[in-house]
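# Chains, contacts and geometry: an overview
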Amino acid sequence: MQETETRPVAAGPAGEAVGGRPLPRFWPLLLLGAALLPGVVLVLVGRSLDEPAVQAWRTVCLAVTVQAMPFLLLGTALSGAINAFVPSHVFGRLLPKRPALAVPVAGVAGVVLPGCECASVPVANSLIGRGVTPAAAFAFLLSAPAVNPVVLTATAIAFPGSPEMVLARLLASLLTAATMGWLWLWLGRAEWLRPSVRHTGHRPGHSRWREFREGFQHDFLHAGGFLVVGAMAAATFNVAVPRSVLETFSGSPWLSVLFLAGLAIVLAVCSEADAFVAASLTGFSPVARLAFMVVGPMVDLKLIALQTGTFGRAFAVRFSTATAVVAVVCSVLIGGVLL
């Protein structure tokens with residue numbers, strides 16, 4: 001398989017380049033600070049608010065964050081190790097030559113190759129640059145952050161005594177990834193896809209341990225900021241939204257699914273942590289919470305931005321829209337049978 005030349009893009013030790021310009025050195029810390037600031041303000045002014053409501057907000061926010069943080073730590077460490085120590089060409093050699101067969105194989109590969117959704121976009125770009133069919137790369141892009149062992153273990157702990165929820169998440173996510181890969185084979189157009197060439201994995205002459213440390217630092221701080229934002233949003237949602245509004249959506253099977261699917265897109269919670277957020281949404285049906293966990297790792301605001309910057313706006317708009325629809329349908333079908 002012919003190798004495609006890659007060229008590194010300027011980036012700081014813990015930052016990623018945008019348009020060839022490095023982001024500020026400590027931008028993940030700024031993101032984390034921005035995520036914590038609203039909570040700090042709320043705690044400081046809590047004396048003037050309803051004290052039980054403030055305590056409930058802090059309890060939910062801390063519970064989601066503390067429960068999810070170990071899995072986020074493990075997931076980003078494994079992702080950094082794969083990026084630094086596993087050559088990218090290994091994936092291409094393991095896939096079948098026929099694109100229709102490569103799609104489900106790439107989807108199943110996500111079960112044993114953990115990584116967060118932030119890392120899946122550049123990995124998919126690298127696979128395409130090394131000759132892997134885009135349909136298979138996109139199936140891996142969708143499945144890896146949704147069905148890896150860390151995410152499934154976190155789901156089992158977030159939903160104790162409910163192994164059917166873990167199985168439903170696994171099957172619905174795999175079905176969504178494979179369906180989107182086959183849809184790209186059927187309807188995809190080359191002009192929609194304008195991949196930018198980026199270097200992922202080990203660079204000759206660089207220390208693998210340093211690449212692991214920098215990748216882990218970047219992924220953990222970046223995803224940790226979104227985790228805190230998601231935990232705060234979930235806490236605010238549980239405390240501030242009137243029960244009548246929740247009953248309007250939770251009382252309708254279809255409205256509850258669509259509402260939590262849309263909420264997953266907006267919250268952009270890391271896949272290692274979204275199960276704990278979903279478990280906290282106790283007023284909604286199991287199928288609706290399944291849709292939250294299937295849609296979130298595949299379509300959210302940060303992923304749409306990453307896909308736009310990597311593959312182009314024409315691709316991101318079409319692919320994200322189609323993925324959201326397919327993910328909701330697959331969640332309803334699998335959830336309706338298992339849950």
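This text gives an overview of the structure that appears in the document. (Residues numbered from 1 in each chain as written. Predicted model: local features only at pLDDT ≥ 70, side-chain atom pairs only at ≥ 80, totals over all residues. Heavy atoms only, no water.)

### Quick notes on helix H13 (residues 286-295)
Keep this limit in mind: Throughout, exposure labels follow a simple rule: accessible area from a 1.4 Å probe, protein chains only, divided by the maximum for the residue type, with under 20% read as buried, over 50% as exposed, and the rest as partly exposed. Per the convention used, a helix needs a DSSP run of H or I reaching at least four residues, while a strand needs a run of E reaching at least two, with both numbered from the N terminus. Note on contacts: a residue pair qualifies if any of its non-hydrogen atoms lie within 4.5 Å across the two residues.
Buried residues dominate H13, accounting for 9 of its 10 residues. Turning to H13, the residues buried within the fold contact helix H7 (149-158), helix H8 (163-187), helix H11 (253-267), helix H12 (274-280) and helix H15 (313-338).

### A closer look at the packing of helix H4 (residues 99-109) against helix H6 (residues 134-147)
We count it as follows: Throughout, an axis means a line fitted to C-alpha atoms (over the contacting stretch in the case of helices), and angles, computed between N-to-C directions, take values from 0 to 180 degrees. Angle categories are assigned with fixed cut-offs, so that under 35 degrees is roughly parallel, over 145 is roughly antiparallel, 65 to 115 is roughly perpendicular, and the rest are oblique. In this scheme the handedness of a crossing depends on how the near helix is turned from the far one: anticlockwise by less than a right angle means left-handed, clockwise means right-handed. All amino acids are sorted into three groups, where Ala, Val, Leu, Ile, Met, Phe, Trp, Tyr, Cys and Pro are nonpolar, Asp, Glu, Lys and Arg are charged, and the leftover types, Gly among them, are polar.
In contact at an axis separation of 7 Å, H4 and H6 are set at 25° when each is read in the N-to-C sense. If you check the angle between H4 and H6, you find them roughly parallel. Every pair of crossing elements has a handedness; the one defined by H4 and H6 is right-handed. Of the residues in H6, those in contact with Ala102, Val103, Ala106, Gly107 and Ala109 of H4 are Ala135, Ala136, Ala139, Phe140, Ser143 and Val147. Looking at the contact of H4 with H6 residue by residue, the class counts come to 9 nonpolar, 2 polar and no charged.

### Observations regarding the nonpolar core
Buried together is how nonpolar side chains tend to be arranged in soluble globular proteins. To be explicit about the condition: Only buried residues count toward a nonpolar core, which is a set of Ala, Val, Leu, Ile, Met, Phe, Trp, Tyr and Cys residues joined through side-chain atoms within 4.5 Å.
Among the nonpolar cores identified, the biggest contains 67 residues, and Phe138, Phe159, Phe292 and Phe311 are the most heavily contacted of them. If sequence neighbours within four positions are ignored, Phe138 has contacts with Ile128, Trp184, Leu193, Phe311, Phe315 and Phe319. In terms of nonpolar packing, the next biggest core, distinct from the first, is built from 5 residues, Trp57, Cys61, Val228 and Ala235 among them.

### Notes on the pattern of salt bridges
Cut-off, in case you're wondering: By definition here, a salt bridge exists when the distance from a side-chain nitrogen of Lys or Arg to a carboxyl oxygen of Asp or Glu is within 4 Å.
Taken as a whole and assessed by the stated rule, the structure comprises 1 salt bridge. For the salt bridge of Asp274 with Arg169, the shortest nitrogen-to-oxygen distance reads 2.9 Å. Remark: Arg169 occurs in helix H8 and Asp274 occurs in helix H12; sequence separation between them is 105 residues. Each member of the pair, Asp274 as well as Arg169, carries the same accessibility label: buried.

### Considerations on the packing of aromatic side chains
Our working definition: Two aromatic rings, drawn from Phe, Tyr or Trp (for Trp, its six-membered ring), form a pair once their centres lie within 6.5 Å of each other, and the interplanar angle then sorts them: stacked below 30 degrees, edge-to-face above 60, tilted otherwise.
As enumerated under the stated definition, the model contains 9 aromatic pairs in all. Seen from their ring centres, Trp184 and Phe315 are 5.7 Å apart, and the 75° between their planes marks the pair as edge-to-face. Taken together, the positions of Trp184 in helix H8 and Phe315 in helix H15 put the pair 131 residues apart, joining distant regions of the chain. Per residue, the accessibility class of Trp184 equals that of Phe315, and both read buried.

### What to know about H7
For clarity, the cut-off: In the analysis that follows, any N or O atom pair within 3.5 Å is treated as a polar contact, provided that within protein one partner can donate a hydrogen and the other can accept it, and provided that, for residues neighboring in sequence, both atoms belong to side chains.
The set of residues buried in H7 consists of Val150, Val151, Leu152, Ala154, Thr155 and Ala158. By the N-cap criterion, in which a side-chain oxygen at the helix start approaches the backbone nitrogen of a residue two or three places on, H7 is capped by Asn148, the distance to Val150 being 3.0 Å.

### Points about the environment of Val295
Within the fold, Val295 resides in helix H13. Here the alpha-carbon distance between Val295 and Val326, two residues 31 residues apart in the chain, equals 9.0 Å. Every residue in contact with Val295, bar those within four places of it in the chain, is listed here: Ala261, Ile265, Ala327 and Val328.

### Some points on the packing of H8 against H13
Between H8 and H13, the shortest axis-to-axis distance is 10 Å and the interhelical angle comes to 50°. Here H8 lies oblique to H13, going by the angle between them. Where H8 crosses over H13, the two elements pack in a sense that is right-handed. Contacts from Met165, Ala168, Arg169, Ala172, Ser173 and Thr176 of H8 reach H13 at Pro286, Leu290, Met293 and Val294. Across the contact of H8 with H13, the residue classes break down as 7 nonpolar, 2 polar and 1 charged.

### With respect to a nonpolar patch on the surface
The following threshold applies: Distance thresholds for patches are 9 Å for like charges and 5 Å for nonpolar side chains (Val, Leu, Ile, Met, Phe, Trp, Tyr), applied to residues having over 30% relative accessible area and no salt bridge. Only the protein chains shown count as covering a residue, and every accessible area follows the Shrake-Rupley method with a 1.4 Å probe.
A cluster of nonpolar side chains, contributed by Leu167, Leu171, Val337, Leu338 and Leu339, occupies part of the molecular surface with about 400 Å² of accessible area. When contributions to the nonpolar patch are tallied by element, the ones reaching two or more residues are H8 and H15. With respect to the helices and strands, Leu167 occurs in helix H8.

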